[in-house]
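Topology and contacts: notes
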Amino acid sequence: MKTSTPDDVIGRVEKGLLIAGRWRPATADATFAEHDPATGRTLCEVADATPADGVAALDAAHAAQPGWAAVPPRRRAGILRRAHDLLLERIEEFALLITAEMGKSLAESRAEVRYGADYLRWFGEEAVRIDGTWKVSEDGTARVLVTRQPVGPCVLITPWNVPLAMPARKIGPAVAAGCTMVVKPAPQTPLTTAALAGVLAEAGLPDGVLNVVPTTRAAEVTEPFLRDGRLRKLSFTGSTSVGRLLLAQAAGTVLRTSMELGGNAPFLVCEDADLDAAVDGAMTAKLRNIGEACIAANRFHVHAGVAEEFTRRLTARMEALTLGPGTDPATDLGPLIDERQRRRVADLVDETVAAGARVRTGAVLPGGPGYFYPPTVLTGVPAGARITREEIFGPVAAIQTFTTEDEALRAANDTEFGLVGYLYTQDVHRALRMSERLETGMVGLNRGYVSDPSAPFGGMKQSGIGREGGNTGIDEYLEQKYLAIDMTPATRGTGVVVEDRAEQEHSR
């Protein structure tokens, strides 16, 4: 990828399946079309994997597992570091590819490349720090050795909204831990994953360690994986509804699972908040990734005393944004991923307005090609409205008010989701008090952005299981093995004898 136009970049990316180190067509040469969300035009045709192709990919991962697990940690770390460096060298080309597939602005796509590359670097550094423990058992009869070893072949299912960073966040720890894998990217954005796989191969990743199977038949392709005893782990990022189905299937073989599922993030603005900072944070938390993010602020709860001023400032900022193709340098906000998603956002807004909400800006579909939806602010949103119960996944801020902390927290926690919450206050005691009571795995305190490779990303309740990133992120790809080494009387020393005598004295 050495050119500077989207079509040239797309032309250089592999469109097939990556199995055992070879790019090849799908069974019967099946393909599907990929589209540009800014125009609706077809970008290219991509191989459409069948269940047989999926099994072939798992065959390759299973065959490569023993050899890959034996590779020294420093070599695995070096591969990830070289891949990190290659991504940054080609940041412009990858940004063009992400924007062409997903629609976000080039500035946001560049940020995603850096973010995804940081995961490869982070887990490369973690690879050489995989450790264990050694101690004497409490009764003195054994030495206890605990080691950690790769889980084994993994299937990694990634979403369309962050097409480079989400695969990197899963591939990084799998490579670092010594696991092989099959990656199933979302059919809306398969090319970015293919390009990332090419970079990893160039960095030295052996054949068969990483296999890629894009498909439009996700359920058909993954079902054989999940009942195959050779598979040891499933990692999925996507909706809670699909996550529930996958967890049910994974139960059949008691698969180890990591699930980063849906969010319904509350954004709380207290009466003492710095409103300039709160509005800045709201713009980031709501509009990053065009609002198509699991950590996007979904429900705005603003203290009644500052609600009108907060709304006025937020509305002005929203109205100043330029909507357009992500490749246009003047664009602030790109299109949604497809017409289905745009229609869903429009229906949520129309339903909320019909129920009594007031439109402060936006809410009118633009004409012309592409799947654009305008930045929208709604106030007077009725309690219990569907827009407050479901992920919007679009540039819509739905504002409600509160008067007390308890009222705000009840509203914030009134959901089955618990991924992230945002809180704005200048009172440190209130900040700690409310953060502790928020039922979320992450909290952005006076900050509209929480993603960080060095921090554990994940949620509570039905927002998922496990964590990605941070010092614990690699643990999801490692098993603990406990070895009990007998200590004969000659090697136990005198401690056992003393203990036995003490027990005898006590028994008398």
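Residues numbered from 1 in each chain as written. Predicted model: local features only at pLDDT ≥ 70, side-chain atom pairs only at ≥ 80, totals over all residues. Heavy atoms only, no water.

As annotated in an unreviewed UniProt entry, the protein carries the name NAD-dependent succinate-semialdehyde dehydrogenase and comes from Streptomyces daliensis. According to its UniProt record, the protein has this under Sequence similarities (unreviewed entry): "Belongs to the aldehyde dehydrogenase family." (UniProt positions renumbered as here; feature names shortened; annotations may be inferred.)

Right, let's talk about the pairing of strand 4 (residues 42–47) for a bit. Of the strand pairs in this sheet, strand 3 (residues 31–35) and strand 4 are connected by 5 bridges, and their pairing is antiparallel. By the bridge assignment, Glu-34 is partnered in strand 4 with Cys-44. (Pairing = 2+ DSSP bridges. Helix = DSSP H or I, 4+ residues; strand = E, 2+ residues; numbered from the N terminus.)

Let us now look at unusual backbone geometry. Non-glycine residue Ala-20 carries a positive phi angle of around 55 degrees. Inspection of the secondary structure puts Ala-20 in the loop between strand 1 (17–19) and strand 2 (22–24). With a phi angle near 55 degrees, Phe-393 is a residue other than glycine that sits in the positive phi range. The exposure class of Phe-393 is buried, given its relative accessible area of 17%. (Buried < 20%, exposed > 50% of the residue type's maximum accessible area, 1.4 Å probe, protein only.)

Locating Arg-447 in the fold gives a position in the loop between strand 19 (442–445) and strand 20 (460–461). When its relative accessible area of 48% is taken as the criterion, Arg-447 is described as partly exposed. Placed 137 residues apart in sequence, Arg-447 and Phe-310 show a C-alpha to C-alpha distance of 16 Å. Reaching out from Arg-447, the side chain makes a polar contact with the backbone oxygen of Tyr-449 at a distance of 2.7 Å. (Polar contact = N/O pair within 3.5 Å; in protein donor to acceptor, adjacent residues only side chain to side chain.)

Strand order in this open sheet of 3 strands is 5-6-22, and the pairing throughout is antiparallel. Both outer strands of the open sheet, strand 5 (133–136) and strand 22 (478–486), are each paired with one neighbouring strand and no more. Ignoring strand direction, the axes of neighbouring strands in this sheet form an average angle of 20 degrees. By the bridge criterion, 9 bridges tie strand 6 (residues 142–150) to strand 22 in an arrangement that is antiparallel. (Axes fitted to C-alpha atoms, helices over the stretch in contact; angles between N-to-C directions.)

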